[in-house]
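Close look at the chain arrangement
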Amino acid sequence: ATTFAAALTSTGYGTHALNHYAGTTTLTGDSSGFKGTTTVDGGTLEIAGGGKLGGADAYIGHAAGSDGTVVVTGAGTWDTTGILYVGDEGKGTLTVEAGGTVTSHRTVIGDAYTGEGGVATVTGPGSTWTTGRIDVGFGIPDVAPLGFAA
């Protein structure tokens, strides 16, 4: 496991990328100035301990056969101004817990015809996920009903 406390920044939307492929990385620094694309195709990216991550589009489980996880916990914050894909062509898992905060312009869970699916969970007091629009099973025919649990 690696803890990354430095701040990530970028000069414009889509000009830089944060790619995570294996292991566990915990972001604890203020990277709210990051404007690039985030892709988690393996392992776990954790935003915790007051860590902040900005960005444009974000993919959890983007590549076919991939399995990525993002955990936003404690005072961690993830703010994407684009589309947040949870399970694109691979398997994706998003967990917002213990007071973590996620904001996305739009969210797609279980995208693409060949996708392995996505799971998103918000749990614990103070945990929030705000999105302007959510599509479940986008592009997949005969999707099972969406269920919510409190």
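Here's what I pulled together on the structure shown here. Treat the numbers as computed from the prediction; the structure is a model and nothing was measured.

Quick look at the environment of Thr-80 now. The residue Thr-80 is located in strand β10 (residues 77-86) in this model. Thr-80 has contacts with Gly-55, Ala-56, Ala-58, Thr-103, Ser-104 and His-105, leaving out every residue within four places of it along the chain.

Moving on, we come to the sheet that holds strand β3 (residues 24-27). Pairing is parallel across the open sheet formed by six strands, whose spatial order is β1-β3-β6-β9-β11-β13. Strands with a single pairing partner mark the edges of an open sheet, and in this sheet they are β1 (2-4) and β13 (117-123). The average undirected angle you get between the axes of adjacent strands in this sheet is 15°. In this sheet, β13 lies alongside strand β11 (residues 91-97) in parallel orientation, the contact comprising seven bridges. The residue of β13 that forms the bridge with Glu-97 is Thr-123.

A few words on the pattern of salt bridges. A side chain of one charge can pair with a side chain of the opposite charge if their charged atoms are brought near each other. Tallying each qualifying case throughout the model produces two salt bridges. The partner of Asp-135 in a salt bridge is Arg-106, and the shortest N-O contact between them spans 2.7 Å. Placement of Asp-135 in strand β15 (residues 134-136) and of Arg-106 in strand β12 (residues 101-109) is noted, with a sequence separation of 29 residues between them. On the accessibility criterion, Asp-135 (12% relative accessible area) is buried. One network of salt bridges, in which partners are shared, links Arg-106, Arg-133 and Asp-135.

What follows deals with the environment of Thr-38. Relative to the assigned elements, Thr-38 resides in strand β5 (residues 37-40). Between the C-alpha atoms of Thr-38 and Leu-18, which are 20 residues apart in sequence, the distance is 4.7 Å. Contacts of Thr-38, omitting those with residues within four sequence positions, involve Leu-18, Leu-45, Leu-53, Asp-57, Ala-58, Tyr-59 and Trp-78.

So, how was this worked out
- Residues numbered from 1 in each chain as written.
- Predicted model: local features only at pLDDT ≥ 70, side-chain atom pairs only at ≥ 80, totals over all residues.
- Heavy atoms only, no water.
- Helix = DSSP H or I, 4+ residues; strand = E, 2+ residues; numbered from the N terminus.
- Contact = heavy atoms within 4.5 Å.
- Pairing = 2+ DSSP bridges.
- Axes fitted to C-alpha atoms, helices over the stretch in contact; angles between N-to-C directions.
- Salt bridge = Lys/Arg side-chain N within 4 Å of Asp/Glu carboxyl O.
- Buried < 20%, exposed > 50% of the residue type's maximum accessible area, 1.4 Å probe, protein only.

These figures capture arrangement, not role.
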